[in-house]
Amino acid sequence: MSGSIQLFPMVDAALTSAAQRSGDWLVCKPGCHQCCVGVFPISPLDAESLQTALNAAEPDLADRIRGRLADSRARLAPDFPGDPVSGDLFTQPQHEDLFEDFANDEVCPILDPITATCDLYTTRPIQCRTFGPPVRDEDDHLTVCELCFVEAPTEEVARCEMDQSWRPLEDKLIEEAERRTGRSAPTLIAFALR
């Protein structure tokens, strides 16, 4: 998890800055978990960080999370767009297209169903850390959570954009995690953790 120790504080500082500039436009708060419904790919770095945190969790909490993980894998495996044994996504060309409509109603298995908060919050994936405030996607579009910035003027959204200067470090740390773990394919939280 050494790479995450470097990266997470940088991402969190960028998020804090964006949240301060966003003010009331950003409605994210503990218990709001719309972004925790629907699956998304995670990197080997995120998978490694989450596994380390799960292994260090109190036994009762770890058992509850592992139970939810097993239930989630059982639901997802039949239509998994990849190799459900390894957990690797996109092992065939058609899998990326299939992923568009895959498991959009699946609740994240590390979300506590009672408190609606993340049980592994301090090691949550990068995508979780960047969801909500205005962030540029790979097509250079500024995206936000559909609950945030409702009716905000375009220039206000742009003013609150989250700094992503940490992305090159993330890319480097993902490469290092790939070498350490021997895994290079993206996966899902339910398949990353055991």
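Since we're looking at a predicted model, the values are computed, not measured.

Mapped onto the secondary structure, Ser-72 falls in helix H3 (residues 59-76). Residue classification places Ser-72 among the buried positions, given a relative accessible area of 1%. Only 2.8 Å separates the side chain of Ser-72 from the side chain of Glu-106, close enough to count as a polar contact. Those residues in contact with Ser-72, other than ones at most four positions away along the chain, are Glu-106, Pro-109 and Ala-190.

Tallied over the full model, the rule gives 11 salt bridges. Arg-68 is the partner of Asp-119 in a salt bridge, and the nearest nitrogen-oxygen pair spans 2.5 Å. Of this pair, Asp-119 sits in the loop between helix H4 (95-99) and helix H5 (126-130) while Arg-68 sits in helix H3, and the two are 51 residues apart along the sequence. In this pair, the class of Asp-119 matches that of Arg-68, namely buried. As a salt-bridge pair, Arg-167 and Glu-170 come within 2.9 Å of each other at their nearest N and O atoms. One end of the pair is Arg-167 and the other is Glu-170, both in helix H7 (residues 167-181) and 3 residues apart, which spans about a single turn.

Moving on: helix H2 (residues 44-56). Here H2 is 13 residues long and its end C-alpha atoms lie 18 Å apart, about the 18 Å a rise of 1.5 Å per residue gives. Burial runs high along H2: 10 of the 13 residues are buried. Within H2, the full set of buried residues consists of Pro-44, Leu-45, Asp-46, Ala-47, Glu-48, Ser-49, Leu-50, Gln-51, Ala-53 and Leu-54.

Criteria and cut-off values
Residues numbered from 1 in each chain as written. Predicted model: local features only at pLDDT ≥ 70, side-chain atom pairs only at ≥ 80, totals over all residues. Heavy atoms only, no water. Helix = DSSP H or I, 4+ residues; strand = E, 2+ residues; numbered from the N terminus. Buried < 20%, exposed > 50% of the residue type's maximum accessible area, 1.4 Å probe, protein only. Polar contact = N/O pair within 3.5 Å; in protein donor to acceptor, adjacent residues only side chain to side chain. Contact = heavy atoms within 4.5 Å. Salt bridge = Lys/Arg side-chain N within 4 Å of Asp/Glu carboxyl O. Expected span 1.5 Å × (residues − 1).

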